[in-house]
Amino acid sequence: MIFLPQTHLDNFESFLKKHFLHIPLSQLEKNQNLGQEKLLESIKYSLFSGGKRFRPMVGYLLGDALNLEIQNLTPWLAAVECIHTYSLIHDDLPSMDNDSVRRGKPTNHMVFGEATALLAGDALLTEAFTLVSQYYSINPSVGLSLVTILSSASGFQGMVGGQALDLAVDTQHVSESSLNEIHQLKTGALIQSVAKGVAAIAQLPTNQNLKLEQFGSLLGRAFQIKDDLLDFNIQNKDPKNLASHLGFQETTKVLNAISLEAQETLLFMETNRLEPLNALIRYNQEREL
Ligand code: GRG
């Protein structure tokens, strides 16, 4: 991806690998416990299985634009990616979507079994908070903000609550507004949390903090709308897809309008820092995966 220096993503991958090799392995050496080894394999299987790393990209580009040190961002973005990965593992389980393929590969539970997949998700969820508490304890007020942001975006008030609404909704009569609410909670909240977390790390003044919050909300919405456009099948309309309500063309117009609005919220930043962020917004509009 041309708009993000490769070193950022390399650094991100090696940080994640180091974290998940170092901590659990030292425990493994002590215990020689095969059950834990399988769990670790299962975690790594999903964490390193070719995700787009969209959320980390958002964070690095915002951080670059705000002149933040890359090493100050990485643990935060790794924590968010752990939550994202846990949600995908659990979402694929037989009791949820019962999917057998993700990212072109067998889902976690197909390879490691349901019990291990469940634990891998649990461990990733918990490890996200370990990362935040471990790396931001040097500035407890920033650390506490990050815990607050991440827990509310991922828990009852965010992603898990959105999943519950999604399961409960009457598929045949889902309105456009309840669909938007489900999407905002299920997908938008975690993407928005990336921007909120970067603002907390940068300790931005309130007015700029609000701008990033707004940017995160718009980008999260744009991401979900693009997903709906990619999933849209005119022969087999899914009532939980926005394009089934508005039509493909109208939905594309909404995506373009929201993407433009997202660009405009960033105008408070130095203009020479905006282009990579605008490229990210365009990447979402044009992506095919
Ligand atoms: C607690 C059992 C239990 C289940 C919870 C948390 C949860 C299940 C579900 C979360 C909802 C969810 C999976 C939303 C989907 C979000 C989404 C758009 C995922 C795809 O994101 P991409 O395209 O994925 O960034 P890649 O593969 O690129 O990482």
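A brief report on the enclosed structure follows. (Residues numbered from 1 in each chain as written. Predicted model: local features only at pLDDT ≥ 70, side-chain atom pairs only at ≥ 80, totals over all residues. Heavy atoms only, no water.)

### Description of the overall build of the protein
And then number 1: Counting its regular elements, the protein contains 13 helices and 2 strands.
And then number 2: Whereas a compact globule of 289 residues would reach a radius of gyration of roughly 19 Å, the protein reaches 19 Å, a difference of no more than 12%.
And then number 3: Partitioning the contacts of the protein with sequence separation of at least 6, the portion at a separation of at least 24 is 73%.
And then number 4: When the accessible surface of the protein is split by element, carbon and sulfur atoms take 53% of a total near 14,000 Å². (Helix = DSSP H or I, 4+ residues; strand = E, 2+ residues; numbered from the N terminus. Rg over C-alpha atoms; globule rule 2.2 N^0.38 Å. Contact = heavy atoms within 4.5 Å. Areas by Shrake-Rupley, 256 points an atom, 1.4 Å probe, with all protein chains shown as cover.)

### What about the pattern of salt bridges?
And then number 1: Applying the stated rule across the entire model yields 9 salt bridges.
And then number 2: Where E41 meets K44, a salt bridge forms, and the shortest distance between an N and an O atom there is 3.5 Å. Here K44 and E41 lie together in helix α2 (residues 34–47), a separation of 3 residues that amounts to about one turn.
And then number 3: E275 is paired through a salt bridge with R282; the nearest N and O atoms lie 2.8 Å apart.
And then number 4: When salt bridges that share partners are traced, they join E13, R53 and E81 into one network. (Salt bridge = Lys/Arg side-chain N within 4 Å of Asp/Glu carboxyl O.)

### Looking at the nonpolar core
And then number 1: Among the nonpolar cores identified, the biggest contains 74 residues, and F54, L62, W76, L150, F215 and M269 are the most heavily contacted of them.
And then number 2: Each residue touching F54, except ones within four places of it in the same chain, is listed here: I191, L219, F223, L280, Y283 and N284. (Core = buried A, V, L, I, M, F, W, Y, C linked by side-chain atoms within 4.5 Å. Buried < 20%, exposed > 50% of the residue type's maximum accessible area, 1.4 Å probe, protein only.)

### Digging into the side chain of D228
And then number 1: With respect to the helices and strands, D228 occurs in helix α10 (residues 206–231).
And then number 2: It turns out D228 is buried and unbridged, and the closest side chain with the opposite charge, R287, is 8.6 Å from it.
And then number 3: Setting aside residues no more than four positions away along its own chain, D228 makes contact with H183, K240, N241 and L242. (Lys, Arg positive; Asp, Glu negative; His and termini not counted.)

### Section: the environment of T187
And then number 1: If you trace the backbone, T187 turns up in helix α9 (residues 176–202).
And then number 2: On a C-alpha basis, the gap between T187 and V254 in space is 17 Å, while along the polypeptide they are 67 residues apart.
And then number 3: The contact partners of T187, leaving out residues within four places of it in the chain, are F223 and Q224.

### Considering the site of the ligand
And then number 1: What surrounds the ligand is a group of 17 residues, the closest being K52, R55, H84, R103 and D227.
And then number 2: Taking K52, its side chain carries an N or O atom lying 2.5 Å from an oxygen atom of the ligand.
And then number 3: A distance of 2.7 Å is found between an oxygen atom of the ligand and a side-chain nitrogen or oxygen belonging to R103.
And then number 4: By residue number, the principal contributor to the shell around the ligand is helix α4 (residues 70–92), which donates 6 residues.
And then number 5: Among the residues making up the shell around the ligand, the classes are represented as 5 nonpolar, 6 polar and 6 charged. (Near = heavy atom within 4 Å. Polar contact = N/O pair within 3.5 Å; in protein donor to acceptor, adjacent residues only side chain to side chain. Nonpolar A, V, L, I, M, F, W, Y, C, P; charged D, E, K, R; others polar.)

### Details of the packing of aromatic side chains
And then number 1: According to the stated counting rule, one finds 6 aromatic pairs in the structure shown.
And then number 2: For the ring pair Y45 and F112, a centre distance of 5.4 Å and an interplane angle of 70 degrees mean the geometry is edge-to-face. Here Y45 is found in helix α2, whereas its partner F112 is found in helix α5 (residues 108–112), with 67 residues between them in sequence.
And then number 3: According to the relative accessible area criterion, Y45 is partly exposed, its value standing at 22%.
And then number 4: Centroid distance F54 to Y283: 6.4 Å. Interplanar angle 25 degrees. Geometry classified as stacked. (Phe/Tyr/Trp six-rings, centres within 6.5 Å; stacked < 30°, edge-to-face > 60°.)

### Structural notes on the packing of helix α12 (residues 248–265) against helix α13 (residues 274–286)
And then number 1: The contact between α12 and α13 brings their axes to 10 Å, and the two run at 170 degrees. It follows from the interaxial angle that α12 and α13 lie roughly antiparallel. As α12 runs across α13, the sense of the crossing is right-handed. Where α12 abuts α13, its residues L255, N256, S259, A262 and Q263 lie against N278, I281, N284 and Q285.
And then number 2: Looking at the contact of α12 with α13 residue by residue, the classes come out as 3 nonpolar, 6 polar and no charged. (Axes fitted to C-alpha atoms, helices over the stretch in contact; angles between N-to-C directions. Parallel < 35°, antiparallel > 145°, perpendicular 65-115°, else oblique. Left-handed = near helix turned anticlockwise from the far one by under 90°.)

### Let's talk about the environment of H84
And then number 1: Structurally, H84 can be placed in helix α4.
And then number 2: What makes H84 buried here is its relative accessible area of 11%.
And then number 3: With 75 residues separating them along the chain, H84 and M159 place their C-alpha atoms 9.6 Å apart.
And then number 4: A distance of 3.4 Å separates a polar atom in the side chain of H84 from a polar atom in the side chain of R55.

### What about unusual backbone geometry?
And then number 1: Residues other than glycine seldom take positive phi values, yet R53 does so here, at roughly 60 degrees.
And then number 2: Relative to the helices and strands, R53 is located in the loop between α2 and α3 (54–65).

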